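Structure assessment
One-letter residues, chain by chain:
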Amino acid sequence: MALKGIMIGDKVSKYPIIQGGMGVGVSGFSLAGNVAKNGGIGILSSADIGYREADFWKNSEEANFRAMSLEIDKAREIAGPDGIIGVNVMVAMTNYSEMVKHLVGKGVDLIVSGAGLPKELPGLVKGTKTKIAPIISSARGANLITKMWRKKYDYVPDLVIVEGPEAGGHLGFSIEELTEEDKKKNLETITKEVIEEMKKVEEETNKKIPVIAAGGVYDGSDIARLLRLGASRSANGNKICGNT
């Protein structure tokens, strides 16, 4: 199976692999930098990234911003000039807008955003080189955020990340959807639905929108299974990328 990379702005990854942004302190500069160095897309987690800073407990916000800058610089040093480095930023953060602006100022390639609907995200990056990806858990969610962004900002997602029920983090599934056999959701079905939703947007806007399937992706066989849904990309570390 031929694997094509993922285009993020003016860069293209060698492999269709996006490493998940796992906090606190899991997805740091070493992991993200080496993923990017070896042809994937490395993602830093912004969640309490400054926990190692001496003043974290007294001034966590300043410590987080300082540490975020250092993590980006170190990740880039490892990744090299062609490496793609992004950051996962939760909408639930109290200083969400300020963190996004800080990341844009640092020139990160990609911002991935979930734990709520990133309604204002396009307004924080529009006119810059930083690309953005909402995290959703259904075709309805993809439709909602896309309509919202198009109406308010004339902006469509640069890519969409679909988190299935096996993903870690802040998901949009009820207990029944996770436990009851007749109501259970699975990543394959959700991904197919989102791909179809994004095809409509692509036809209307003439813009390609990769769909990234995440959760329960462990090895090459998982990647191949999801690619066969009709996707043309793949990913790793809780994320497997698919394109419509």
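Residues numbered from 1 in each chain as written. Predicted model: local features only at pLDDT ≥ 70, side-chain atom pairs only at ≥ 80, totals over all residues. Heavy atoms only, no water.

Describing the pairing of strand 5 (residues 110-114)
Stated precisely, the cut-off is as follows: Between buried and exposed lies partly exposed: a residue is buried under 20% and exposed over 50% of the maximum accessible area for its type, with that area taken using a 1.4 Å probe on protein chains only. Strands here mean DSSP runs of E at least two residues long; helices mean DSSP runs of H or I at least four residues long; both are numbered from the N terminus. Pairs of strands are assigned from DSSP output, requiring at least two bridges between the strands. By the criterion used throughout, a crossover qualifies as right-handed when its path from the first strand across the helix to the second strand runs clockwise, the strands pointing away from the viewer.
Counting buried positions over the 5 residues of strand 5 gives 5, a clear majority of the element. Burial along strand 5 is two-sided: the face carrying Leu 110, Val 112 and Gly 114 and the face carrying Ile 111 and Ser 113 are both buried. In this sheet, strand 5 lies alongside strand 4 (residues 84-90) in parallel orientation, the contact comprising 5 bridges. For Val 89, the partnering residue across the bridge sits in strand 5 and is Ser 113. Between the parallel elements strand 4 and strand 5, the chain passes through helix 3 (residues 96-106) in a crossover that is right-handed. By the bridge criterion, 4 bridges tie strand 5 to strand 6 (residues 131-136) in an arrangement that is parallel. When the sheet's bridge partners are listed, Ser 113 is paired in strand 6 with Pro 134.

Quick notes on helix 7 (residues 187-205)
Going by this rule: Given a helix with a known number of residues, its expected span is that number minus one, times 1.5 Å.
End to end, helix 7 covers 26 Å across 19 residues, agreeing with the expected 27 Å (1.5 Å per residue, within 8%). Taken together, the buried positions of helix 7 are occupied by Leu 187, Ile 190, Thr 191, Val 194, Ile 195, Glu 197, Met 198, Val 201 and Glu 202. Asn 206 lies just past helix 7 and shows a positive phi near 60°.

Looking at the packing of aromatic side chains
By convention here, two paired aromatic rings are described through the distance between centres and the angle between planes. Our working rule: Centres within 6.5 Å make a pair out of two Phe, Tyr or Trp rings, where for Trp the six-membered ring is used; the pair is then stacked when the planes are under 30 degrees apart, edge-to-face when over 60, and tilted otherwise.
Within this structure, the stated rule accounts for 2 aromatic pairs. Taking the centre distance of 5.1 Å and the plane angle of 75° together, the rings of Phe 56 and Trp 57 count as edge-to-face. By relative accessible area, Phe 56 is classed as buried at 6%. Taking 6.3 Å as the distance between ring centres and 85° as the angle between the ring planes, the aromatic pair formed by Trp 149 and Tyr 155 counts as edge-to-face. Residue classification places Trp 149 among the buried residues on the basis of a relative accessible area of 0%.

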